[in-house]
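Fold and contact review
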Amino acid sequence: MGLLERLRKEWFIAGIALVIAAARLEPAVGVKGGPLKPEITVTYIAVSAIFFNSGLSLKTEELTSALTHVKLHLFVQIFTLVFFPTAIWLFLQLLSITPINEWLLKGLQTVGCMPPPVSSAVILTKAVGGNEGIVITPLLLLLFLGSSSSVPFTSIFSQLFMTVVVPLIIGQIVRRYIKDWLERKKPPFGTISSCVLLMIIYTTFCDTFANPNIDLDKFSLIVIVFIIFSVQMSFMFLTFLFSTRDDSGFTPADTVAIVFCSTHKSLTLGIPMLKIVFAGYEHLSLISVPLLIYHPAQILLGSLLVPTIKSWMVSRQKALKLTRQPKVPVKV
């Protein structure tokens, strides 16, 4: 695959680097009170646009069908919203005595609280041929993060309702009336959300670079990158072991969904949610850094593992099919 083709395919990751660089060069454009007025355009309009777009693109009929896999969904929910954040919290107790930047460590905790994306995990699962994953309710995520925020819970809940829940519901209502048109035209929902998300990331880092008191040392950043890759690989291996036990009851296709959906984290939901929960934090961009690293890391690791997991799943399914075939009696 050529460089241009790779950039075209991974344009969003390249876009993250570009908007951060742009924020570094001219932070005054996107700071609070600046020309872009992010306190209005981002906090309300951009975040609402992402979830309205999600409401338009969310196929309720497919969601209802997916919920029939109760055991698989229960496993992913427990691992994602209980085991993952708890394991990260315990790990951070050890890291708290190290010289690693404390705001990056807080960012690691927020990564642990994020639900799986409705994009990369599902795409990778489909690439292998497994079952689709799960949709995690944003409200549970907010409740977990709320205790770390200085913003009153009532304020967080009201803004969550107005900028996330209401646009999502309106999007679903509008979808009912233009469903045929949407399925015929197939608008680029993912691209639209990604472009809006780049604007949110840009304004977040404008606030950072405009603040002379915020400094990020290279040592902390390198260690965080190493930790993120280690956590992803360890948890993917752990979910694979759990879901392939003889008494697990999961099919090979279920295992694929579990491995990807239990360990991947949503950037599209995460960044807007951090904007709401950590509103007013001058270190918001540093808290966002681990999630911004986790996103390309999960795509990279997932892409590398797809051929191996696909080969395993095909061979496993063939082996199970052979064991279930009735034995042909031998004629004497």
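Scroll up a little and you will see the structure.
A brief report on the enclosed structure follows. (Residues numbered from 1 in each chain as written. Predicted model: local features only at pLDDT ≥ 70, side-chain atom pairs only at ≥ 80, totals over all residues. Heavy atoms only, no water.)

**Considerations on the overall build of the chain**
Counted only if it meets this: Helix and strand definitions here come from DSSP, where helices need a minimum of 4 consecutive H or I residues and strands a minimum of 2 consecutive E residues; each element is numbered from the N-terminal end. Only protein chains enter the accessibility calculation, which uses a 1.4 Å probe; a residue whose area is less than 20% of its type maximum is buried, one above 50% is exposed, and one in between is partly exposed. For this analysis, residues touch if any pair of their heavy atoms sits within 4.5 Å. Surface exposure here means Shrake-Rupley accessible area, sampled with a 1.4 Å probe, where a residue is shielded only by the protein chains that are shown.
Secondary structure summary: the chain contains 14 helices and 0 strands in total. The helix and strand sequence of the chain, counted from the amino end, reads α-α-α-α-α-α-α-α-α-α-α-α-α-α. A burial count over the chain gives 45% of its 332 residues as buried. Considering only contacts within the chain whose residues lie at least 6 apart along the sequence, 84% involve residues at least 24 apart. Counting only carbon and sulfur atoms, one obtains 68% of the accessible surface of the chain, whose full area is about 17600 Å².

**Brief notes about the packing of aromatic side chains**
Short version of the rule: Each pair of aromatic rings taken from Phe, Tyr and Trp, with Trp reduced to its six-membered ring, is defined by centres within 6.5 Å and is described as stacked if the planes are under 30 degrees apart, edge-to-face if over 60, and tilted in the remaining cases.
By the definition in use, this model includes 10 aromatic pairs. An angle of 10° between the planes, with centres 6.3 Å apart, marks the rings of Phe75 and Phe79 as stacked. Of this pair, Phe75 and Phe79 both sit in helix H5 (residues 70-95), 4 residues apart, which is roughly one turn of the helix. Overall, Phe79 belongs to the buried group, its relative accessible area being 5%. Relative to Phe235, the ring of Phe83 lies with its centre 5.7 Å away and its plane at 55°, an arrangement referred to as tilted. A residue pair is termed long-range when its members are at least 10 positions apart, and Phe83 in helix H5 and Phe235 in helix H11 (residues 218-243) qualify at 152 residues. Relative accessible area serves as the criterion here: at 35%, Phe83 is assigned to the partly exposed category. Members of the aromatic cluster, each reached through a chain of ring pairs, are Phe75, Phe79, Phe83, Phe84, Phe235 and Phe250.

**Here's the deal with the packing of helix H10 (residues 189-209) against helix H13 (residues 267-277)**
Test applied: Throughout, an axis means a line fitted to C-alpha atoms (over the contacting stretch in the case of helices), and angles, computed between N-to-C directions, take values from 0 to 180 degrees. Any angle from 65 to 115 degrees is called roughly perpendicular, while one under 35 is roughly parallel, one over 145 is roughly antiparallel, and all others are oblique. In this scheme the crossing of two helices becomes right-handed for a clockwise turn of the near helix relative to the far one and left-handed for an anticlockwise turn of less than a right angle.
It is the contact of H10 with H13, at a shortest axis distance of 10 Å, that shows an interaxial angle of 40°. Put simply, H10 runs oblique to H13. Between H10 and H13 lies a crossing of left-handed hand. Touching Ser193, Leu197, Ile200, Ile201, Thr203 and Thr204 of H10 are Leu267, Thr268, Ile271, Pro272 and Lys275, all from H13.

**Observations regarding the nonpolar core**
One recurring pattern in soluble globular proteins: nonpolar side chains tend to sit buried together. Heads up, the condition is: What is meant by a nonpolar core is a set of buried Ala, Val, Leu, Ile, Met, Phe, Trp, Tyr and Cys residues, joined one to another through side-chain atoms within 4.5 Å.
With 55 residues, the main nonpolar core has Leu197, Ile200, Ile201, Ile224, Leu267 and Ile271 as its most contacted residues. Per-element tally for this core: the top contributor is helix H14 (residues 284-324), with 9 residues. For Ile224, the residues in contact, after removing those within four places along its chain, are Ile100, Leu104, Leu105, Leu108, Pro290 and Ile293. Membership of the second largest hydrophobic core comes to 8 residues, among which are Val256, Phe260, Ile309 and Met313.

**Here's the deal with the pattern of salt bridges**
Threshold: The working definition used for a salt bridge is a side-chain nitrogen of Lys or Arg within 4 Å of a carboxyl oxygen of Asp or Glu.
The final tally for this structure, using the stated rule, is 2 salt bridges. In this structure, Glu183 engages Arg175 in a salt bridge whose closest nitrogen and oxygen atoms are separated by 4.0 Å. The salt bridge involving Asp247 is made with Arg245; its shortest N-O contact spans 3.8 Å.

**As for a nonpolar patch on the surface**
Filter applied, for reference: Each patch is built from residues that are more than 30% exposed by relative accessible area and take part in no salt bridge. Like charges join if they lie within 9 Å; nonpolar side chains (Val, Leu, Ile, Met, Phe, Trp, Tyr) join within 5 Å.
Nonpolar side chains collect at one region of the surface, where Ile40, Tyr44 and Ile45 lie side by side and expose about 320 Å² of accessible area between them. For Ile45, the position within the fold is in helix H3 (residues 38-57).

**A closer look at the side chain of Thr255**
Examined against the element boundaries, Thr255 turns out to sit in helix H12 (residues 252-263). We classify Thr255 as buried; its relative accessible area is 2%. With sequence-adjacent residues up to four places away left out, Thr255 is seen in contact with Phe240, Ser243, Thr244, Phe250 and Trp312.

**Some thoughts on unusual backbone geometry**
Backbone geometry at Lys37 places phi at a positive 50°, although glycine is not the residue there. One can find Lys37 in the loop between helix H2 (11-25) and H3.

**Quick word on the environment of Ser194**
Its place among the elements puts Ser194 in helix H10. Sequence-wise, Ser194 and Ile16 are 178 residues apart; in three dimensions their C-alpha atoms are separated by 9.8 Å. Sequence-distant contacts of Ser194, defined by excluding residues within four places in its chain, comprise Trp11 and Phe12.

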